[in-house]
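What follows is each chain in one-letter form.
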Amino acid sequence: MSQSTSPTPRPSVLEIAAYVPGRSSGGTGVKQHKLSSNENPLGPSPAARAAFLDVANSLELYPDGGATLLREAIAAAYGLKPERIVCGNGSDELLSLIANAFLSPGDEAVFTEHAFLVYRIVTLAAGATPVVVAESDLTVDVDRILAAVTPKTRVVFLANPNNPTGSYTPVHEVRRLRESLPPGVLLVIDAAYAEYVRKNDYEAGIELVATREDTVMTRTFSKIHGLAGLRIGWAYAPAGVIDALHRIRGPFNVNAAAIAAGVAAIKDRAHQDRSVAHNETWLPRVTDAIRALGFGVPDSVGNFILIDFSTVPGADAAEADDFLCARGVVMRRVAAYGLPQMLRMTIGDQEANEASLAALAEYKDGLQGG
């Protein structure tokens, strides 16, 4: 009898560092403020919550494999064609499907150094080679991306806005990138935080996708819609890309509760407006207060900020994270993004924001012996 041997995965899979989410809780015996995952502090739309609960009456039934009602609701909200939309188990799944459909061993995918970690994961999982491009002051540099493109490049991932930096790429630069890429290179615009951006020179990617056959935009219900627990993502893409993704996605990749809640959420414009208004109030307020403490805070257009601890003598991001967590303020370490002296903070509700500011002030006072 021959001795059994362990199956061997594709070599590039073993190069993947598994994605590690932010902490969910801090010290015991204190009020918890989870600000590590960029979740909506207002929660989901009440209409979405009601739609979710209603699905409990028919859990024995398979969901619609085409997520038809959800695609139609998205299309109606943005003036799109439903057949140009594909939905997934979060935008993460769609990014993975794109990589599997358009990358092969020997191909290259380009993205920037502080971009979403999933781009590297899906590239390696497809057997392709990640090409990481330097940023300029935590901002995408289109010329550097173009300089990294080779005949092996098949996909360029562009997070716009970018997580965790909070920076964005103006629409004229996105267009310049697309027009300068060689034919056949797929540009994937990941616009997970698009609804929060209030800049006149920003566009999520809809116009570009509508006029090209080589560009995709991905979006999520996890942020502005407050449905992270249901995992709903969608992509707007040319017909050829949509066809490829439908061929390899799971037949029921969006569950019934997600479809129902997603339809209700995207129709509730008032809740989206309240979420944006909350962020518009607290993003600058928190940014200014933390800067006043002496910590660096790069400008952000998302619902989160980066806090740079290197600007305060003696401060250390990992040490600060433990200090904050012990007081129930849970932020996100971003060393895996190449930012070891920074923490990412989601803009929370008023109580969470004020608790964060108080804890940061206490941490700084401790450094100074105050």
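For the structure, see preceding data.
Parameters at a glance
Numbering of residues starts from 1 in every chain and runs along the sequence as written. Totals for whole chains, interfaces and linings use every residue, but because this is a predicted model, local features are given only for residues with pLDDT of at least 70 and side-chain atom pairs only at 80 or more, for both listing and counting. As a convention, hydrogens and water are excluded, and side-chain values are obtained from all of the structure's heavy atoms. By the convention used here, strands pair only if DSSP detects at least 2 bridges between them. Numbering of helices and strands runs from the N terminus; a helix is a DSSP stretch of H or I covering at least four residues, while a strand is a stretch of E covering at least two. Two aromatic rings, drawn from Phe, Tyr or Trp (for Trp, its six-membered ring), form a pair once their centres lie within 6.5 Å of each other, and the interplanar angle then sorts them: stacked below 30 degrees, edge-to-face above 60, tilted otherwise. Burial status follows relative accessibility: with a 1.4 Å probe on protein chains alone, a residue under 20% of its type maximum counts as buried, one over 50% as exposed, and anything between as partly exposed. Either the NZ atom of lysine or the CZ atom of arginine qualifies as a charge over a ring when it sits within 6 Å of the ring centre and within 35 degrees of the ring normal.

All right, on to the sheet that holds strand S9 (residues 304-308) then. Taken in spatial order, the three strands make up an open sheet running S9-S12-S11, and their pairing is antiparallel. Lying at the two open borders of the sheet, with one neighbouring strand each, are S9 and strand S11 (332-333). Across two bridges, S11 lies against strand S12 (residues 342-346) in antiparallel orientation. Residue pairing in the sheet places Arg-333 in a bridge with Leu-343 of S12.

With that settled, the discussion passes to the packing of aromatic side chains. For the structure on display, the rule yields ten aromatic pairs. With centroids separated by 5.0 Å and ring planes inclined at 65°, the aromatic side chains of Tyr-193 and Phe-304 adopt a geometry described as edge-to-face. Linking Tyr-193 in the loop between strand S6 (186-190) and helix H7 (206-211) with Phe-304 in strand S9, this pair joins segments that are 111 residues apart in sequence. When sorted by exposure, Tyr-193 lands in the same class as Phe-304, which is buried. An aromatic cluster of at least three residues, connected via ring pairs, comprises Phe-111, Phe-116, Tyr-119 and Phe-157. The ring centre of Trp-282 lies 4.5 Å from the NZ or CZ of Arg-285, which sits over that ring. Over the ring of Phe-323 we find Arg-327; its NZ or CZ atom is 3.5 Å from the centre of that ring.

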